Amino acid sequence: MSLDTLKSKLAHRPNLSPQYGVIYKITPTIIYAKGITPSVGDIIKAIHKDSSESLGIVTLSESGSFGFSPFGFVEGFSISDKVFIEKNELSFPVCDDMLGRVLDPLGQPIDDKPPLQNTISVPIIAPPIRALRRGIIDEVFDVGVRSINGLLTCGKGQKMGIFAGSGVGKSTLMGMIVKGCDAPVKVIALIGERGREVPEFIHKSLGGDLSSTVLIVATSDDSPLMRKYGAFSAMAVAEYFKSQGKDVLFIMDSVTRFAMAQREIGLALGEPPTSKGYPPSVLTIMPQLMERAGKEEGKGSITAFFTVLVEGDDLSDPIADQARSILDGHIILDRNLTDFGVYPPIDVLSSASRLSNDITTKEHKELVRDFRRYYALIKENEILVRIGSYQKGADSELDYALSIQPKMQEYLKQNEDENINFEKSVADLRAIFASKPASRAQSQAQAQASLQQNLPDLPQE
Ligand SMILES: Nc1ncnc2c1ncn2[C@@H]1O[C@H](COP(=O)(O)OP(=O)(O)OP(=O)(O)O)[C@@H](O)[C@H]1O
Ligand SMILES: [Mg+2]
């Protein structure tokens, strides 16, 4: 056979040998290669001299070359290592048997159990639910925590933030919600926590019970990419169960560490630092993650709680600010309350659930309004009462508020291992106001009615 005939025959065959590129430059955070032309976001597999493999994601593209950030660290990479385009998108293995498992952001087990079997791959980066496919949030999501159920009622598909300084009780509250909520599937993303906190969270906060739970973990010693994608992977798992029509609880600790990971990535890619050194991309990836939670028409829902660490209890932090603007409400934990032994230390007056009005009854709304009003009244006059300048009888509203103060304080307290459902939370709230005197308008109406009843019947003309 002549060479020309052979060439023409081969021309119609697909090229079976995978194309590869080679690494030509390594910097502390980005590796440059040439020989193939992947798109930004493609996954790259590098094969090292000792035949071990590493994954990276393409973050830079130039004419004739590209740069990628490794998921691990740059140690182990060398010039001339071969690189291949691995898959067209970053995906995560999911299956129905994954409940009870602890996985890394790429789906590898870190619980000493065998790898997941019979999985399907779901994309880690996915668009949020389309605006017109979003279901209306009209059902209560019972979290098992009385003060949230009663005063900051959340709906199925709502996105809430838990804002607190370090050591105030975020993990404990998260554990209470995971244990107390009635969701059939719970996905927990632990992002950027110290390694020792992971077993501590499982044993202390969750009581060692991982049934119906999937835990995705990227600790502080993982690379920034792992920490960033850990959050997206966990959301992809939640979406998988949501697509089966389930109501999923998604809980992530913490958004701040996730934002810090993106800060490292963005700055390494040459983005300009803005407020507190955060590059602009941090503010865009937060809605990309958070907007994926919600309720979808004809499918299930993802009710999400994101913890936000407020350094030095400063609520004007750029991450806290951005989170508040995206989320449907915020629960603020106050360090001062812990001094008085109030756990969970929720500052009800500064916290809000933007959807509670849509899902609660008229009576419940009135009870919440009363609680807030009397609680605020006590706070306003606290000093006067403490130093003894307030004379009982001077203000009947304040007298009443002071009479129910112990009950209100008690209402906010809950033991870590206690689970108080929504109905009991509302009943307990109602019980606080059982002795409430009728309002002025009500008492006038009552007085009028009794006057009418007691009038002697006038003779008919
Ligand atoms: N409901 C509770 N009842 C009693 N003690 C509590 C409660 N919640 C928190 N605490 C106390 O507060 C401490 C800190 O709580 P936790 O670890 O939940 O805080 P954190 O905000 O997650 O801290 P970090 O910022 O270090 O992650 C706990 O060790 C515990 O002693
Ligand atoms: Mg914690």
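Residues numbered from 1 in each chain as written. Chains lettered and ligands numbered in written order. Predicted model: local features only at pLDDT ≥ 70, side-chain atom pairs only at ≥ 80, totals over all residues. Heavy atoms only, no water.

**Student:** Give a detailed account of the environment of Gly-135, specifying residues and quantitative values.
**Tutor:** By secondary structure assignment, the location of Gly-135 is in the loop between strand E9 (120-123) and strand E10 (140-141). As for Gly-135 and Gly-298, which are separated by 163 residues in sequence, their C-alpha atoms are 8.1 Å apart. When near neighbours in sequence (up to four residues on either side) are disregarded, Gly-135 contacts Lys-295, Glu-296 and Glu-297. (Helix = DSSP H or I, 4+ residues; strand = E, 2+ residues; numbered from the N terminus. Contact = heavy atoms within 4.5 Å.)

**Student:** I'd like a description of the packing of helix H12 (residues 396-412) against helix H13 (residues 422-432), backed by residues and values.
**Tutor:** Relative to each other, H12 and H13 sit at 160°, their axes nearing to 9 Å. On the basis of their axis angle, the class for H12 and H13 is roughly antiparallel. In this structure, H12 crosses over H13, and the sense of that crossing is right-handed. Listed contacts from H13 to Tyr-400, Ile-404, Lys-407, Met-408 and Tyr-411 of H12 are Ser-425, Asp-428, Leu-429, Ala-431 and Ile-432. (Axes fitted to C-alpha atoms, helices over the stretch in contact; angles between N-to-C directions. Parallel < 35°, antiparallel > 145°, perpendicular 65-115°, else oblique. Left-handed = near helix turned anticlockwise from the far one by under 90°.)

**Student:** How would you summarise the site of ligand 1 if you had to cite specific residues and measurements?
**Tutor:** Surrounding ligand 1, one finds 13 residues, the nearest of these being Gly-167, Gly-169, Lys-170, Ser-171 and Thr-172. Within the backbone of Gly-167, one N or O atom sits 2.9 Å away from an oxygen atom of ligand 1. Here ligand 1 has 630 Å² of accessible area as a free molecule, and 71% of this is covered by the chains. Elements represented by at least two residues in the shell around ligand 1 include exactly helix H3 (170-180) and helix H4 (197-205). Of all the elements, H3 adds the most residues to the shell around ligand 1, at three residues. Here the residues of the shell around ligand 1 are counted per class, giving two nonpolar, six polar and five charged. (Near = heavy atom within 4 Å. Polar contact = N/O pair within 3.5 Å; in protein donor to acceptor, adjacent residues only side chain to side chain. Areas by Shrake-Rupley, 256 points an atom, 1.4 Å probe, with all protein chains shown as cover. Nonpolar A, V, L, I, M, F, W, Y, C, P; charged D, E, K, R; others polar.)

**Student:** So, the sheet that holds strand E5 (residues 65-70): which residues are in play, and what are the values?
**Tutor:** Strand order in the closed barrel formed by six strands is E1-E2-E5-E4-E3-E6, with antiparallel pairing between adjacent strands. Sheet twist, expressed as the mean angle between neighbouring strand axes with direction ignored, is 45°. (Pairing = 2+ DSSP bridges.)

**Student:** Tell me about the nonpolar core, and name the residues and values.
**Tutor:** Counting 57 residues, the largest nonpolar core has Met-98, Phe-250, Met-252 and Phe-306 as the members making the most contacts within it. Among the elements that line this core, the one with the most residues is helix H5 (residues 224-242), at twelve residues. Setting aside residues up to four positions removed in sequence, Met-252 forms contacts with Ala-189, Ile-191, Ala-231, Phe-258, Leu-289, Phe-305, Phe-306 and Thr-307. Core analysis: the next-biggest nonpolar cluster, separate from the first, contains 55 residues, Leu-151, Val-368, Ile-404 and Phe-433 among them. (Core = buried A, V, L, I, M, F, W, Y, C linked by side-chain atoms within 4.5 Å. Buried < 20%, exposed > 50% of the residue type's maximum accessible area, 1.4 Å probe, protein only.)

**Student:** Quick rundown of the environment of Gly-195? Include the residues and the values.
**Tutor:** In this structure, Gly-195 sits in the loop between strand E13 (185-191) and H4. What makes Gly-195 partly exposed here is its relative accessible area of 41%. Each C-alpha atom, one on Gly-195 and one on Asp-222, is 9.7 Å from the other, the two residues being 27 residues apart in sequence.

**Student:** Can you explain the packing of helix H11 (residues 362-386) against H12? Please cite residues and give values.
**Tutor:** One can describe the packing of H11 onto H12 by two numbers: an axis separation of 9 Å at closest approach and a directional angle of 110°. If you check the angle between H11 and H12, you find them roughly perpendicular. Facing Phe-371, Arg-373, Tyr-374, Tyr-375, Leu-377, Ile-378, Asn-381 and Val-385 of H11, the residues of H12 in contact are Glu-397, Leu-398, Tyr-400, Ala-401, Leu-402, Ile-404, Gln-405, Met-408, Gln-409, Tyr-411 and Leu-412. Broken down by class, the residue content of the contact of H11 with H12 amounts to 14 nonpolar, three polar and two charged.

**Student:** Give me the environment of Arg-133: which residues, what numbers.
**Tutor:** By the secondary structure assignment, Arg-133 is in the loop between E9 and E10. Assessed through its relative accessible area of 30%, Arg-133 is described here as partly exposed. Remark: the alpha-carbon pair of Arg-133 and Glu-297, spanning 164 residues in sequence, is separated by 5.3 Å. Once you skip the residues sitting within four places of it in the chain, Arg-133 turns out to touch Lys-295, Glu-296 and Glu-297.

**Student:** How would you sum up the packing of aromatic side chains? Please name residues and give values.
**Tutor:** With the rule as written, the count across this model stands at 13 aromatic pairs. Residues Phe-66 and Phe-68 carry aromatic rings whose centres are separated by 6.3 Å and whose planes lie at 35° to one another, so their mutual orientation is tilted. The residues Phe-66 and Phe-68 share a single accessibility class, namely buried. Between the aromatic rings of Tyr-229 and Phe-232, the centroid separation amounts to 6.2 Å while the plane-to-plane angle is 45°, which identifies the pairing as tilted. Here Tyr-229 pairs with Phe-232, and both are found in helix H5, just three residues apart, close to one helical turn. (Phe/Tyr/Trp six-rings, centres within 6.5 Å; stacked < 30°, edge-to-face > 60°.)

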